[in-house]
Amino acid sequence: MAQFSPEDRLARLRGPVAPQAYTARKITALTANPSCARRAVLDAAGVDKDKLVARVGFDARFGQSPFAISRGNAFEDLVKADGYAAMFTLLRQALDVPVHEAGVADLNTVGTTADLKIRAAETRHLLGRVAEGSDERLILDHPILTLQVAGQTAYLEPDAVTHRIGDRFYIAEIKSFSAIDGQADPGKVAEAAKQAAVYVIALRQTLAALGLDATAAAAAVAYEFLLICPKDFSNQPYGSLVDLRQKLDAIEFQLGRLSRADDLAALLPADATFDLSLDDDGKPACTSDDLARALDYLDPAYSPACLDFCELAQYCRDQATAACEPARLGTSVRNELPGIDSTRTALKLIDVALDPDPTQTEIVDRLRAADRLRTRRIAGVA
Ligand code: SF4
């Protein structure tokens with residue numbers, strides 16, 4: 001059988017379509033469920049999960065509305081107008097430093113190219129200059145930071161990395177949700193903070209790649225990020241520092257738990273494919289059955305929390321429901337039923353229609369005791 005390099009194997013799985021890049025949102029989703037091989041391989045291969053799930057007959061139900069995207073872009077343009085003037089003001093207010101003379105390096109492109117690897121190299125070059133003090137008042141607009149995720153290099157794009165303030169770089173993120181009387185929606189702030197934590201870890205790794213040891217790289221990046229959003233019901237920028245320490249610890253821990261996506265991909269049969277390309281007549285290269293079969297080769301780890309972050313959640317929930325997996329009732333139920341693969345099996349064990357194997361004895365005793373208690377309660381016996 002032909003042997004392919006890990007990158008080739010992942011690219012062959014995706015087929016002849018452009019890969020979707022890792023984003024901070026994808027990484028926070030991956031780290032929310034690190035035991036899911038299905039998502040790990042699809043993200044590493046750069047498969048468009050929205051299109052994939054639609055091809056197998058489900059709705060992704062994610063993504064911002066076009067209105068929200070254009071509102072967000074307009075607000076970001078406002079913050080960046082006149083050489084990031086609004087952001088300088090907010091930095092001055094939040095960190096009490098004179099930053100009016102800082103310059104801005106626009107890293108949306110390098111020359112005429114938007115190639116991520118070239119932008120990442122230019123980002124490293126400029127970070128090195130700022131870190132060594134030869135260009136110390138430079139704000140990086142849309143730099144590209146690198147992070148190792150499941151054995152792959154992710155290229156990540158925060159809105160901005162500030163110059164060093166008190167010896168520390170700060171991540172700045174511009175969001176379009178409002179802060180009313182200084183309070184933004186806590187769920188949206190938490191989501192922004194998770195993404196900012198990914199950027200902080202990536203910035204530390206990028207600085208480590210410049211030769212800083214791990215301790216110095218961690219110390220060189222602030223554990224707070226500057227959240228910039230519209231104030232009240234206006235478009236006036238409002239900024240506040242958000243502490244990331246808890247999120248940093250959690251995401252770093254979960255990143256360490258991710259399996260290598262190329263190892264997982266290498267276990268797939270040669271005919272597995274997630275090719276979403278169309279031929280010259282607009283006909284799909286692969287049938288929906290081919291795609292569903294390939295998905296089924298990859299072990300999911302479904303729990304109801306997946307509905308909050310994963311495009312494949314409805315597909316995986318449908319499978320978990322059909323198989324009566326305890327996980328469809330939540331991770332706590334799954335954890336309470338170790339070694340029992342379905343709620344159907346659990347009910348048979350309770351009803352003595354099935355004998356427990358030695359590893360299930362303890363949990364079955366507990367289930368039967370809970371069932372007796374429930375029956376007594378229903379019967380009104382104290
Ligand atoms: S929905 Fe499915 S693919 Fe997505 S994280 Fe959950 S189990 Fe994995």
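All of these numbers come straight from a predicted model, not from anything done at the bench. (Residues numbered from 1 in each chain as written. Predicted model: local features only at pLDDT ≥ 70, side-chain atom pairs only at ≥ 80, totals over all residues. Heavy atoms only, no water.)

(A) Quick peek at empty space enclosed by the protein. All chains considered together, the criterion is met by one cavity of 30 Å³ or more. A volume near 110 Å³ is recorded for the largest cavity. Surrounding the largest cavity, 15 residues form its lining, Asn 33, Cys 36, Arg 39, Cys 306 and Cys 310 being those nearest its centre. Elements with a minimum of two residues in the lining of the largest cavity: α2 (24–32), α3 (37–45) and α12 (313–322). (1 Å grid on protein atoms, 1.4 Å probe; cavity = no way out; pocket = protein on both sides within 12 Å on 5 of 7 lines; lining within 4 Å. Points joined across faces, edges and corners; volume = space filled by probe spheres on them. Helix = DSSP H or I, 4+ residues; strand = E, 2+ residues; numbered from the N terminus.)

(B) Highlighting the side chain of Glu 173. Tracing the sequence through the fold places Glu 173 in strand β6 (residues 169–174). Exposure remark for Glu 173: the relative accessible area of 4% places this residue in the buried category. The contacts of Glu 173, once residues within four sequence positions are left out, are Pro 158, Asp 159, Tyr 199, Phe 225, Leu 226, Leu 227 and Ile 228. (Buried < 20%, exposed > 50% of the residue type's maximum accessible area, 1.4 Å probe, protein only. Contact = heavy atoms within 4.5 Å.)

(C) Layout of the pairing of strand β2 (residues 138–141). Of the two faces of β2, the one holding Leu 138 and Leu 140 and the one holding Ile 139 and Asp 141 are both buried throughout. The pairing of β2 with strand β5 (residues 160–161) spans two bridges and is antiparallel. What sits directly across from Leu 140, in β5, is Val 161. (Pairing = 2+ DSSP bridges.)

(D) Molecular detail of the pattern of salt bridges. Counted according to the given criterion, the structure contains 19 salt bridges. The closest approach of N and O atoms between Lys 49 and Glu 311, which form a salt bridge, is 3.9 Å. Taken together, the residues Lys 49 in helix α4 (residues 49–55) and Glu 311 in the loop between α11 (288–297) and α12 connect sequence positions 262 residues apart. Classification of Lys 49 by relative accessible area gives buried; the value is 2%. Asp 232 serves as the salt-bridge partner of Lys 231, at 3.8 Å between the closest nitrogen and oxygen. Given a relative accessible area of 30%, Lys 231 falls into the partly exposed group. Since its relative accessible area comes to 23%, Asp 232 is described here as partly exposed. Each member of the salt-bridge network shares a partner with another, and the members are Arg 25, Arg 39, Asp 43, Lys 49 and Glu 311. (Salt bridge = Lys/Arg side-chain N within 4 Å of Asp/Glu carboxyl O.)

(E) Just the layout of surface pockets, in detail. In this structure, the largest pocket spans a volume of roughly 1,600 Å³. As for the largest pocket, its lining consists of 45 residues, of which Arg 25, Gln 64, Lys 175, Glu 191 and Gln 195 are closest to the centre. Only α2, α4, α5 (66–95), β4 (152–156), β6 and α7 (186–209) provide two or more residues apiece to the lining of the largest pocket. Both domains that meet at the lining of the largest pocket, namely domain 1 (6–63 + 268–331) and domain 2 (66–257), each give it at least three residues. (Domains from an automatic or database assignment.)

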